[in-house]
Amino acid sequence: KQWYQRRVAITAGVGSFSRVKIQLTIALSRLRSDSSDATKCNDTYLKKSLITLQNYADNDSELHSTRFPEQVKEVSKNLFMIMRDTVRMKEVKQDKDCAMRIDLMYRIAKGYKNSPALRITWLKSMAAEHKLNDNKCEAAMCLIHAAALISEYMYMVESQTQLPQGCIAFEKISPNVLQECAIIDDVLKPDEDGMCTGGEFSEKGLESLLKQSCDLLMEVNMFECVNEVNKLLMAIYQDSRKNLQLSKIHEKLRNAYDKMHSLGKKRVLGSYFRVAFYGEKFNELNGVTMIYKEKPFTKLPEIAQRLQSLYLDQFGDDFEFIADSKRIDPDSIDPYRAYVQVTFVEPYFEPFEKKYKKEKSTDCDSALIPLL
């Protein structure tokens, strides 16, 4: 396989290497999906294989003047991270640390960025996990990302005026969807090798995702986003002259704007908290600070008690909760213990965002859409 990769790198360039990269990613995914049989998937052997692959690339003097060694290193690192995070997914209990499960799913989905079908599978899994935890806005955003990715690849195959012209059409819903833009170095023709030929990569598949996300956004009072998603649906229905569907959309929009008017500035989309992790027991989370989005009106003691309970179960007497809101000097604490600090924060808006909010006469716009 190493000889084959070298040959395609020399003779065919980036396109063929991208194909090999996608094939390796899909192969790893299939091995991981059937890990119940130890003979089919052994993490130690997989890790050794990736290291061997990297060593071949580094020691191949014929290819030192090319990007091939760098590309192999990137692929190996990405595959190892997917493998590691997939293992951790099985170790994290669903009812204990849903935030960590979602973070792992996000990282796995990100690892599959060069395999659209697999990335969509994980985005949909994330949406299901969010719905299970009643995080409907986040579930909707996962489906929006999936829809944007599908639109991007369908646009590459053939531009159709009734369909979104790539993920740029979703920017007003959330600027984060621009992550789904196809990277030129890693793109094959989407219709090659059955890469994007599943049922989801169709107008019907796209329509289904948009409708699901719209219903979820309506439930959490994200009316501005409901309007933007429905614009995309209306273009599809107008082209196919589905008048009944158009009528239903206009009825939903009327209900959305009526509710927006009645709620006024009483809409609260969530409560936000800064959560900082310290100590080597947290591994790669050591020194990391995150923003947690919780349900509206969540109080600091609620999230503090939940995290205390979670990490006391995990670390026992080696865990300490920091109640003080002051900044922590990592050198002043025991590196072998686990520390968590939680403080309340408010959303920050840049001056241009404040101007936009004032012009739109609303305190709730897409700038508040959380990350995945």
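So, how was this worked out
Residues numbered from 1 in each chain as written. Predicted model: local features only at pLDDT ≥ 70, side-chain atom pairs only at ≥ 80, totals over all residues. Heavy atoms only, no water. Salt bridge = Lys/Arg side-chain N within 4 Å of Asp/Glu carboxyl O. Helix = DSSP H or I, 4+ residues; strand = E, 2+ residues; numbered from the N terminus. Buried < 20%, exposed > 50% of the residue type's maximum accessible area, 1.4 Å probe, protein only. Axes fitted to C-alpha atoms, helices over the stretch in contact; angles between N-to-C directions. Parallel < 35°, antiparallel > 145°, perpendicular 65-115°, else oblique. Left-handed = near helix turned anticlockwise from the far one by under 90°. Contact = heavy atoms within 4.5 Å. Nonpolar A, V, L, I, M, F, W, Y, C, P; charged D, E, K, R; others polar. Disulfide = S-S within 2.5 Å.

Regarding the pattern of salt bridges
Evaluation of the coordinates by the stated rule reveals 18 salt bridges. Its salt-bridge partner being D318, residue K281 comes within 3.6 Å of it at the nearest N-O pair. Here the residue K281 occupies a position in the loop between β1 (271-278) and β2 (289-294), and D318 occupies one in the loop between α11 (300-315) and β3 (319-322), the gap between them amounting to 37 residues. For K281, a relative accessible area of 32% translates into the label partly exposed. Judged by relative accessible area, which is 33%, D318 ranks as partly exposed. In the salt-bridge network here, residues are joined through shared partners; they are R84, D85, R88, D103, R107 and E284.

Comments concerning unusual backbone geometry
If you check the backbone angles, N283 has positive phi at about 55° while not being a glycine. Of note, N283 is situated in the loop between β1 and β2. Unlike most non-glycine residues, F297 shows phi in positive territory, near 70°. One can find F297 in the loop between β2 and α11. F297 sits in the exposed class, given a relative accessible area of 59%.

Observations regarding the packing of helix α7 (residues 136-157) against helix α8 (residues 203-219)
For any two helices packed against each other, one specifies the crossing angle of their axes together with the interaxial distance. For the pair α7 and α8, the least separation of the axes is 8 Å and the interaxial angle reads 155°. The pairing of α7 with α8 is recorded here as roughly antiparallel in orientation. Viewed along their axes, α7 and α8 form a crossing whose handedness is left-handed. Counted together, K136, A139, A140, M141, L143, I144, A146, A147, I150, S151 and M154 of α7 and E203, L206, L209, L210, Q212, S213, L216, L217 and E219 of α8 form the full contact between these two elements. Of the residues belonging to the contact of α7 with α8, the class tally is 14 nonpolar, three polar and three charged.

Re the state of the cysteines
Inspection of every chain in the model, using the stated rule, returns zero disulfides. Cysteine C181 remains unbridged, with the sulfur of C167 as its closest cysteine sulfur at 3.1 Å. On the basis of relative accessible area, C181 is assigned to the partly exposed category, the value being 34%.

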